[in-house]
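In case you want the letters, here they are:
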Amino acid sequence: MIYLIAILLPPLALLFKGKIFQAIFNAIFWFYGLIFLLLSGVILWGICAVWAIVVVKGVNDDERTQKIIDAINSKD
């Protein structure tokens, strides 16, 4: 579900994952992409969507890695 939000509303997905500054910069580019949708806005929208997807995947990977580390440490 978060990946769908990352495609449709990239800044919102970054906010959900706690990346406030990246969400602000992404929102600026995404907003310009909406304004210039007919010219080159699709490119900006695509860049923002890919950026959000990569960040969301990275955060999810970090959370999974932390769970594994905690599980290993709790066995000691």
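Residues numbered from 1 in each chain as written. Predicted model: local features only at pLDDT ≥ 70, side-chain atom pairs only at ≥ 80, totals over all residues. Heavy atoms only, no water.

(A) Highlighting the nonpolar core. Ile-2, Ile-5, Ala-6, Ala-13, Leu-14, Ala-23, Ala-52, Val-55, Val-56 and Val-59 together form the largest nonpolar core, which totals ten residues. For this core, the secondary structure elements donating two or more residues are α1 (2-8), α2 (10-16) and α4 (37-74). If you tally residues by element for this core, the top one is α4, at four residues. What Ala-13 contacts, discounting residues up to four positions off in sequence, is Ile-2, Ile-5, Ala-6 and Val-56. (Core = buried A, V, L, I, M, F, W, Y, C linked by side-chain atoms within 4.5 Å. Buried < 20%, exposed > 50% of the residue type's maximum accessible area, 1.4 Å probe, protein only. Helix = DSSP H or I, 4+ residues; strand = E, 2+ residues; numbered from the N terminus. Contact = heavy atoms within 4.5 Å.)

(B) Quick peek at the packing of aromatic side chains. Evaluated as defined, the whole model comprises two aromatic pairs. Centroid distance Phe-29 to Trp-51: 6.4 Å. Interplanar angle 55°. Geometry classified as tilted. Residue Phe-29 is located in helix α3 (residues 20-35), and its partner Trp-51 is located in helix α4; the two are separated by 22 residues in the primary sequence. Measuring from ring centre to ring centre gives 6.1 Å for Trp-30 and Trp-45, while their planes differ by 80°; the resulting arrangement is edge-to-face. Of this pair, Trp-30 sits in helix α3 while Trp-45 sits in helix α4, placing them 15 residues apart in sequence. Residue Trp-45 is classed as partly exposed on the basis of its relative accessible area, which comes to 25%. (Phe/Tyr/Trp six-rings, centres within 6.5 Å; stacked < 30°, edge-to-face > 60°.)

(C) View of the pattern of salt bridges. Going through the model one piece at a time under the given rule, you end up with two salt bridges. Note that Asp-61 and Lys-57 form a salt bridge whose closest N and O atoms lie 3.1 Å from each other. Separated by four residues within a single helix, Asp-61 and Lys-57 lie in helix α4, roughly one turn from each other. A salt bridge links Arg-64 to Asp-61; the shortest N-O distance between them is 3.4 Å. Pair noted here: Arg-64 and Asp-61 are both in helix α4, with a separation of three residues, about one helical turn. We classify Asp-61 as partly exposed; its relative accessible area is 22%. The structure contains a network of salt bridges with shared partners spanning Lys-57, Asp-61 and Arg-64. (Salt bridge = Lys/Arg side-chain N within 4 Å of Asp/Glu carboxyl O.)

Nothing here speaks to function; it is geometry throughout.
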